[in-house]
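Examination of the molecular architecture
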Amino acid sequence: QVQLVESGGGLVQAGGSLRLSCASSARTFSRDAMGWFRQGPGKEREFVAAINWSGSSTLYADSVQGRFTISRNNAKNTVYLQMNSLKSEETAVYYCAAGASRSTIDAGTVRIWGQGTQVTVSS
C-alpha cells in the first residue's frame, strides 16, 4: 500500500521557521504532482502549496505566498515545505498529498493523503 509519511512538525515560536518533509513509497512519485494542505482547530482543510512532477512549477495559497516554499527531490521520493515567519494562526495539522495529475493538485484531485503532522506556533 502506498504511504505518505510526514515529519518535521513540532512547536515553534511565532516568527520562527520549520521544515516539513513527506516521504512517499509510491513508484510513480516522480510523475505525481504533490501538495501540502492544513487544517487548524475549528477550521476546514485548506490548500497551502503545490508542486508539479518535476518541480518546475509551484503554486501557493495567498496567505503563505512569500513565506513558504515547496520543493521536491525525486531521487529521494520526498517533498518538502519550508515555512518561514510562522504565525500563531497557522497552528494546524499539515497534510502531504499526492495528486492524480502530473501538473496540478487540489483537494478534489488528491489520490493519496498522508496522516498529517502537527505544527504548533506559539504566540
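Everything below is about the structure shown above.
Remember, it's a predicted structure, so these values are computed and weren't measured experimentally. Per chain, residues are indexed from 1 in the order of the written sequence. Reporting in this predicted model follows two pLDDT cut-offs: at least 70 for local features of residues, and 80 or more for side-chain atom pairs to be given and counted; totals over whole chains, interfaces and linings ignore these cut-offs and use all residues. Note that water and hydrogens are dropped before the side-chain values are worked out from all heavy atoms of the structure.

**Points about the pattern of salt bridges**
Defined as follows: A carboxyl oxygen of Asp or Glu within 4 Å of a side-chain nitrogen of Lys or Arg is what we treat as a salt bridge. Only runs of H or I of at least four residues qualify as helices and only runs of E of at least two qualify as strands under DSSP, and these elements are numbered from the N terminus. In this scheme, a residue with accessible area under 20% of its type's maximum is buried, one over 50% is exposed, and one in between is partly exposed, where area comes from a 1.4 Å probe on protein chains only.
Within the structure shown, the criterion is met by 3 salt bridges. The partner of Arg38 in a salt bridge is Glu90, with the nearest N and O atoms 3.3 Å apart. A residue pair is termed long-range when its members are at least 10 positions apart, and Arg38 in strand S4 (residues 34-39) and Glu90 in the loop between strand S8 (78-83) and strand S9 (92-99) qualify at 52 residues. Exposure remark for Arg38: the relative accessible area of 6% places this residue in the buried category. Note that Glu90 is salt-bridged to Arg67, the shortest N-O span being 2.5 Å.

**Notes on the sheet that holds strand S7 (residues 68-73)**
The test is simple: The pairing criterion for strands is at least two bridges between them, as found by DSSP. A fitted line through C-alpha atoms represents every axis, and for helices the fit uses only the stretch in contact; the resulting angles, taken between N-to-C directions, go from 0 to 180 degrees.
The strand order across the open sheet built from 4 strands is S1-S3-S8-S7, with neighbouring strands paired in antiparallel fashion. The sheet is open, and its two borders are formed by strand S1 (4-7) and S7, each paired with just one other strand. Recorded for the sheet is a direction-independent mean angle of 15 degrees between the axes of neighbouring strands. As defined by bridge partners, strand S3 (residues 18-24) adjoins S8 across 6 bridges and the pair is classed as antiparallel. Residue Arg19 lies in a different strand from S8, and its bridge partner there is Gln82.

**Quick word on the packing of aromatic side chains**
Put simply, the rule is: Aromatic rings from Phe, Tyr and Trp, with only the six-membered ring used for Trp, were paired whenever their centres fell within 6.5 Å, and each pair was classed as stacked if the ring planes differed by under 30 degrees, edge-to-face if by over 60, and tilted otherwise. Only Lys NZ and Arg CZ are tested; either one counts as a charge over a ring when it is within 6 Å of the ring centre and within 35 degrees of the ring normal.
Under the definition given, this model contains 3 aromatic pairs. When the ring of Phe37 is compared with that of Trp113, the centres are 5.0 Å apart and the planes differ by 65 degrees; the resulting orientation is edge-to-face. Linking Phe37 in strand S4 with Trp113 in strand S10 (residues 110-113), this pair joins segments that are 76 residues apart in sequence. Classification of Trp113 as partly exposed rests on a relative accessible area of 31%. Every member of this aromatic cluster is reached through a ring pair, and the members are Phe37, Phe47, Tyr95 and Trp113. Here the guanidinium or amino end of Arg19 rests over the ring plane of Tyr80, the centre of that ring lying 4.1 Å away. The positively charged end of Arg72 is found above the aromatic ring belonging to Phe29, 4.6 Å away from the centroid.

**Quick notes on the environment of Gly10**
Filter applied, for reference: Residue contacts are defined here by distance: any two heavy atoms, one from each residue, within 4.5 Å place the two residues in contact.
Along the chain, the position of Gly10 falls in strand S2 (residues 10-13). For Gly10, a relative accessible area of 24% puts it in the partly exposed group. The residues touching Gly10, leaving out its near neighbours within four places in the chain, are Leu18, Gln118, Val119 and Thr120.

**A closer look at the nonpolar core**
Going by this rule: As used in this record, nonpolar core signifies buried Ala, Val, Leu, Ile, Met, Phe, Trp, Tyr and Cys residues forming a set joined through side-chain atoms within 4.5 Å.
Core analysis: the biggest nonpolar cluster contains 26 residues, and Met34, Trp36, Val79, Leu81, Met83 and Tyr94 have the highest contact counts within it. Looking at this core, the elements with two or more residues in it are S3, S4, strand S5 (46-51), S7, S8, S9 and strand S11 (117-122). Residue contributions to this core peak at 4 residues, all from S9.

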